[in-house]
Amino acid sequence: MRILFVTSEAFPLIKTGGLADVSGSLPAALQTLDADVRILIPGYPAVLEKLVNPKFLTTISNLPNIGSINLIQGEMPETKVPVIAIESTGLYQRDGGPYVDATGKEWEDNPTRFGTLSLVAAILSNEQSPLKDWIPEITHCNDWQSGLTPAFMHFMSAARTQMKQAKSVLSIHNLAFQGCYHADWVARLGLPAESYQMNGLEYYGQLSFLKAGVFYADGLSTVSPTYAKEIQTEAYGFGMQGLLKARGKEIHGILNGLDTNEWNPATDPYLAAHYDVKKITGKQAVKADLQAKLKLNIDAKAPLLGVVSRLTHQKGLDMLLACAETIINGNDCQLAVLGSGETAFEEGFCDLAMRFPGKVSVTIGYNEALSHQIMAGCDIFIMPSRFEPCGLNQMYGLRYGTPPVVTNTGGLADSVQDSNDESIKDKSATGFVMPKATPEELLSATERALRYYRDEKTWEEIQKNGMRQQLDWTKSAQAYMTMYEGFLKK
Ligand code: ADP
């Protein structure tokens, strides 16, 4: 099966969050199931630099706003999955992040940058493609950045009814980001004026890239079974619940897997010592190394709580700020935070670190090595998200013997089993689930975790239950293949 996997980020080429992890590992997992996958991605400087064996493929001209772009084909550094990068000096060759500039402001030309990604994907998805020898059967789009692809594909096939074209699939990794822009962009991106209506591209008076994808894609999926249900409700639907409910039966909820080579406490090159489920003692050495690195008191007995996260409202860390002092004072524990995001959160955590020297460490920024070290060196991982499509960090926590405290939502609900007498007895306990997203519940769940932590034998059982979970891509990649096959039969 030929699959074009369209994404705005893919680890290790470029990463801002979980989408990159999925785009880095799902195509590789599909490849092991004999799928012929190619990743299509904007040619940001980091992508062009890291691409292995890059070769010029072709030029595509007459694109709205930008004229022509080049396609460069190379390979992913380790997995060797083929990658097609869109090279355009005007669109992608600049410092800053994929979506925002160095000051955190969204790039003004994002509609063109990701409209072009979407349009190029559509151009490559039918028999008129300039890549004559490789026409995909499935074009798998991800999030709003490639959300216009199914719309472009729809209009292209409407213009040439006999044309052979791939089936389009859109995966929603986070419904909160909808790519909404002024209605002018419909014409500016070369989309037909009549498509700007409720049954089309219009979304509350704007053009929404994500809604376009949800409306026009042949198939839809999201990254956990619980989130697939939640997004059809007012509480989690971000205004799109009506349309999502109308397509409800078609939404596949497939839990993300992990790149278990990249995230393996037995071999992780970022760690000072290694361990596995049979012999977990190395975790103590990683903890001591982390405490030293972060200038925390080196104390094997002090429970160390960890956070690696975007610091945003979604991640619920205001709840942690509200109860951190009580947790730290009442339990003689430590906290290590790594993340960046909204100023109020960054300042709140920095203030906490100043008030608790030796007990709280806060690192603002993005740091791949430290994220692994926190995951391994901490005792308990804190992730009180208000909503969480899938979430990877709680699963990294499970794999690294760092039981997570989580809210009962989305992929957190699907991947963490609360610890209680019953689940400890049947060896299914892996973490601590808050029934509601409130600071009181976070405090109570964390204190519950800390009580178990003090009972060394039970704690080790909870750690090992988590470490034994099958979290790799095998099952999920198979579920994607089954889903694609279903779309092809339609
Ligand atoms: P989201 O995609 O919503 O940000 P996920 O839990 O799905 O959340 O994935 C987050 C990914 O980004 C994980 O791989 C996590 O380790 C990583 N990450 C988040 N913030 C940082 C940071 N400041 N430094 C390093 N890695 C980070």
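These numbers come from a predicted model, not from an experiment.

**Topic: the site of the ligand**
In the vicinity of the ligand there are 19 residues, among which Gly18, Asp21, Arg310, Lys315 and Gly365 approach most closely. A distance of 2.9 Å separates an oxygen atom of the ligand from a polar side-chain atom of Lys15. Gly18 places a polar main-chain atom, nitrogen or oxygen, 2.6 Å from an oxygen atom of the ligand. For the ligand, the accessible surface in isolation is 560 Å², of which the surrounding protein chains cover 93%. When residues of the shell around the ligand are traced back to their parent elements, those giving at least two are helix H1 (18-32), strand E13 (304-311), strand E14 (334-341) and helix H14 (393-399). Among the elements that line the shell around the ligand, the one with the most residues is E13, at 3 residues. For the shell around the ligand, the per-class residue count stands at 6 nonpolar, 9 polar and 4 charged. A domain split of the shell around the ligand shows at least three residues from each of domain 1 (2-257 + 474-489) and domain 2 (282-467).

**Description of the sheet that holds strand E15 (residues 360-364)**
Working definition: the strands of a sheet are paired by backbone hydrogen bonds and lie parallel or antiparallel to each other. With parallel pairing, 6 strands are arranged side by side in an open sheet as E15-E14-E13-E16-E17-E18. Strand pairing shows two members of the sheet lacking a second neighbour, E15 and strand E18 (432-434), which therefore form its edges. Pairs of neighbouring strands in the sheet enclose a mean axial angle of 20°, with direction left out of account. Against the sheet, helix H13 (residues 368-377) engages E13, E14, E15 and strand E16 (380-383), with an angle of about 145° to E13. Relative to E18, helix H17 (residues 439-454) is tilted by about 165°, and along the sheet it contacts E13, E16, strand E17 (404-407) and E18.

Calculation rules
- Residues numbered from 1 in each chain as written.
- Predicted model: local features only at pLDDT ≥ 70, side-chain atom pairs only at ≥ 80, totals over all residues.
- Heavy atoms only, no water.
- Near = heavy atom within 4 Å.
- Polar contact = N/O pair within 3.5 Å; in protein donor to acceptor, adjacent residues only side chain to side chain.
- Areas by Shrake-Rupley, 256 points an atom, 1.4 Å probe, with all protein chains shown as cover.
- Helix = DSSP H or I, 4+ residues; strand = E, 2+ residues; numbered from the N terminus.
- Nonpolar A, V, L, I, M, F, W, Y, C, P; charged D, E, K, R; others polar.
- Domains from an automatic or database assignment.
- Pairing = 2+ DSSP bridges.
- Axes fitted to C-alpha atoms, helices over the stretch in contact; angles between N-to-C directions.
- Contact = heavy atoms within 4.5 Å.

Keep in mind these numbers describe shape, not what the thing actually does.
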